[in-house]
Amino acid sequence: MMSSPFIESHVLEQKKEKQTMKTTWLFVTLILLGTLLLAGCHVKDTPISVVPEGAQAGELVGLKDSEFQPVDSKTKYVAECGTLDVPENWDKTDSRLIALPIVRISATDPNPAEPVFFLNGGPGSPNIVWAPPDWILKNHDVVLVGYRGVEGSVKLDCPEVNRIVQAQQGKDAFSEEYAEMPAVKQCAEGFLKAGLDLSGYTIPGVVEDLEATRKALGYDQINLFSESYGTRIAQIYAYMHPNSLHRLVLIGVNTPGHFIWRPADFDKIIKHISELCARDASCSSRTSDFVQTMYNVNHDMPTRWLFFNIDPSTIRLGAHAMFFSNTTMPLIFDAYLAAGEGDPSGLAMLNLVAGFMSFDPILGDLYNKAATVDQYEGIESISLGNSIMGAPMSEAVWPIAAQWPSELIRKDLREFQETDVDMLLVNGTVDFSTPPGAVDEAKSHFHRAQSVLLPEFSHIGDVTQQQPEAFERLITSYYDTGVADDSLYVYQPLSFQPSMSATLMAKLLVAAMIVLPALIIWGVVAVTRRTLRGRRRVTNN
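Residues numbered from 1 in each chain as written. Predicted model: local features only at pLDDT ≥ 70, side-chain atom pairs only at ≥ 80, totals over all residues. Heavy atoms only, no water.

(A) Quick look at the overall build of the protein. Each helix and strand counted, the protein has 20 helices and eleven strands in total. Sequence separation of at least 24 residues holds for 78% of the intrachain contacts in the protein that already meet a minimum separation of 6. Working note: accessible area of the protein is about 22,800 Å², and carbon and sulfur atoms make up 53% of it. (Helix = DSSP H or I, 4+ residues; strand = E, 2+ residues; numbered from the N terminus. Contact = heavy atoms within 4.5 Å. Areas by Shrake-Rupley, 256 points an atom, 1.4 Å probe, with all protein chains shown as cover.)

(B) Spatial organisation of the packing of aromatic side chains. Summed over the entire model, instances satisfying the criterion amount to 23 aromatic pairs. Taking 6.3 Å as the distance between ring centres and 85 degrees as the angle between the ring planes, the aromatic pair formed by phenylalanine 225 and phenylalanine 471 counts as edge-to-face. In this pair, phenylalanine 225 sits in strand E6 (residues 222–227) while phenylalanine 471 sits in helix H19 (residues 468–481), placing the two residues 246 residues apart along the sequence. With relative accessibility at 2%, the residue phenylalanine 225 sits in the buried group. In this structure phenylalanine 471 comes out as buried when scored by relative accessible area, which is 4%. Put simply, the rings of Phe266, Phe290, Phe323, Phe333, Phe432 and Phe496 touch in pairs and so form one group of aromatic residues. (Phe/Tyr/Trp six-rings, centres within 6.5 Å; stacked < 30°, edge-to-face > 60°. Buried < 20%, exposed > 50% of the residue type's maximum accessible area, 1.4 Å probe, protein only.)

(C) Region of interest: the pattern of salt bridges. A complete count under the given rule lists 17 salt bridges for this structure. A salt bridge links aspartate 197 to lysine 92, with the nearest nitrogen and oxygen atoms 2.9 Å apart. In this pair, aspartate 197 is assigned in the loop between helix H5 (182–193) and helix H6 (203–217) and lysine 92 in the loop between strand E2 (77–87) and strand E3 (97–105), connecting sequence segments 105 residues apart. Using a relative accessible area of 18% as the deciding quantity, one classes aspartate 197 as buried. For lysine 92, a relative accessible area of 39% gives the class partly exposed. (Salt bridge = Lys/Arg side-chain N within 4 Å of Asp/Glu carboxyl O.)

(D) Structural view of the packing of helix H10 (residues 290–299) against helix H12 (residues 329–340). With their axes 9 Å apart at the nearest point, H10 and H12 run at an angle of 75 degrees to one another. The orientation of H10 with respect to H12, classified from their angle, is roughly perpendicular. Between H10 and H12, the residues in contact are Phe290, Thr293, Met294, Val297 and Asn298 and Phe333, Tyr336, Leu337, Ala339 and Gly340, respectively. Among the residues forming the contact of H10 with H12, the class breakdown is seven nonpolar, three polar and no charged. (Axes fitted to C-alpha atoms, helices over the stretch in contact; angles between N-to-C directions. Parallel < 35°, antiparallel > 145°, perpendicular 65-115°, else oblique. Nonpolar A, V, L, I, M, F, W, Y, C, P; charged D, E, K, R; others polar.)

(E) Highlighting H12. In a regular helix each residue adds 1.5 Å, so twelve residues correspond to 16 Å; H12 covers 17 Å between its end C-alpha atoms and thus fits that length. The positive-phi residue at the C-terminal boundary of H12 is glycine 342, with phi of around 100 degrees. (Expected span 1.5 Å × (residues − 1).)

(F) Quick look at the state of the cysteines. Applying the stated criterion to the full structure yields two disulfides. Between the sulfur atoms of cysteine 277 and its disulfide mate cysteine 283 the distance is 2.0 Å. Its S-S torsion of about -90 degrees marks the bond between cysteine 277 and cysteine 283 as left-handed, since a negative value means left-handed. Accessibility assignment for this pair places cysteine 277 and cysteine 283 in one class, buried. (Disulfide = S-S within 2.5 Å.)

(G) Local environment of the side chain of serine 394. Tracing the backbone shows serine 394 in helix H15 (residues 392–401). Contact partners of serine 394, with chain neighbours within four places excluded, come to Ile260, Trp261, Ile382 and Pro399.

(H) Local environment of a nonpolar patch on the surface. A surface patch of nonpolar side chains, amounting to about 310 Å² of accessible area, comprises Leu306, Phe307 and Met513. Given a relative accessible area of 38%, methionine 513 falls into the partly exposed group. (Patch = residues over 30% accessible without salt bridge, like charges linked within 9 Å, V, L, I, M, F, W, Y side chains within 5 Å.)

(I) Structural view of helix H14 (residues 363–373). Most of H14 is tucked away: eleven of the eleven residues are buried. Residues of H14 that are buried include every one of Leu363, Gly364, Asp365, Leu366, Tyr367, Asn368, Lys369, Ala370, Ala371, Thr372 and Val373, and no others. Buried residues in H14 make contact with helix H3 (159–168), H5, H6, helix H7 (229–240), H15 and helix H16 (411–414).

(J) Main features of the sheet that holds strand E11 (residues 449–454). Across the sheet, nine strands lie side by side as E1-E2-E3-E5-E4-E6-E7-E10-E11; this open sheet has mixed pairing. Pairing within the sheet leaves two strands with one partner each, and these edge strands are strand E1 (59–68) and E11. In this sheet, neighbouring strand axes are inclined to one another by 20 degrees on average, regardless of whether the strands run parallel or antiparallel. Two strands pair when backbone bridges link them, and E2 and E3 are joined in this way by eight bridges, in the antiparallel orientation. By the bridge assignment, cysteine 81 is partnered in E3 with valine 103. (Pairing = 2+ DSSP bridges.)

(K) How the structure looks around the environment of serine 95. Relative to the helices and strands, serine 95 is located in the loop between E2 and E3. Every residue in contact with serine 95, bar those within four places of it in the chain, is listed here: Pro87, Glu88 and Asn89. Reaching out from serine 95, the side chain makes a polar contact with the backbone nitrogen of glutamate 88 at a distance of 3.1 Å. For serine 95, the side chain forms a polar contact with the main-chain nitrogen of asparagine 89, separated by 2.8 Å. (Polar contact = N/O pair within 3.5 Å; in protein donor to acceptor, adjacent residues only side chain to side chain.)

(L) Structural detail: the packing of helix H11 (residues 312–322) against H15. Running from N to C, H11 and H15 cross one another at 105 degrees; their axes reach a closest spacing of 7 Å. Taken together, the axis directions place H11 and H15 in an arrangement best described as roughly perpendicular. Where H11 abuts H15, its residues Arg316, Leu317, His320 and Ala321 lie against Pro392, Met393, Glu395 and Ala396. Its residues assigned to classes, the contact of H11 with H15 shows five nonpolar, one polar and two charged.

Geometry only, nothing functional implied.
What follows is the structure, encoded as structure tokens:
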């Protein structure tokens, strides 16, 4: 049964105004989305570094009561924490073992339903990060399994590549020299020389880790709660072990081929936004064609405003990153509209901000997992070309990932398969990370899937946070009954006006740069005059 779209149609402007503007550009050159933490139940714990002597594959070691506090969360949980020992490569009988952290938070109900296994986005981000809400824990154990290559005894980290990427922020990220950086190959070669089997750090490997955890904890079937990259893990899990799964929630659906962002997908979304602009008084008063305005700015972008640099690649990357949430979209809309009116100051401000953002994902994991499941088809298919904005993150990520010595996983797991596993597919209609077209692609293959498309929502944060009561009803109804209830969602129009525009920020910055020196000079002059008057009085006396 397919759930209906929205039953109500109310404007939530006041609620939307309360959304905090997230001005971070952390995702300027990466897929996604998360803060790294040390493996284990305590944030300050030492990461798992060794496999216990005599350990067996699939063995859960040292599961004991502890306190778990996810990074960036104030919530503390009573949990069980342990270590899962698994083969580095599940396909090789003689593979060495690696260790992964495991966290289980028990349900508050003494007779819970199937447990919920969490799958975070990425790749390159950790998985033991979720702060599960009370309404999940009321009826379900929650299990977090560390991602191989990110958490546990092996991290595919590339500090030198991170350093280069960090230094490149605010500059040309699409240059050939940058894309072919030797540090990527050197990092991979270092892992190979150290004896790592990179062919084991794949999504099927993650699936087998989850399956081993299910068995070790004694669960007959499990639910999955997956986000973005995690939804691809969920799909492949359904192909490999369908009988182990009860119900799957996929939020921000990433289907085969969609690790590689495509200009055509973004053009469709921008054309939809242009239609919304035409119906919005604040936007339509500034342009008669939002698509054309954005196209013109991207294809003929100024390189300076006053003494500030404007790098086109940085601006497009920033636009793509800030399009991950409809709360940050207005900042980009306003900057482009202003540039179309002849004022590029907002673009200059955005370019300046990019140079100050931190950057520290597990890049080796990103390259290895993404490049082994989706095949890179060439830079010409993802560049700006004649599109509205191109596919900026593809332009930044994939040429670099092509330098990594990856091997594709088997063909049937890289493509759609027919499945009867119960699934709930949830997506926003203006999602620039996992475009909504992926949901339509999936419907004919996922025979028992229900889908909910949320108008004018973008990626994960929009879906999970902007209407929390509606989201709770959606997920609990699905897990409890198998029928998703989206009736609490109400229509939330896309805003084209930021609470403070980048153009205003830029002008305030320039004003401060002029006023502050003037105040300093005035202060020096005032002190000097006062000192001279004092000396004259002394002399006259």
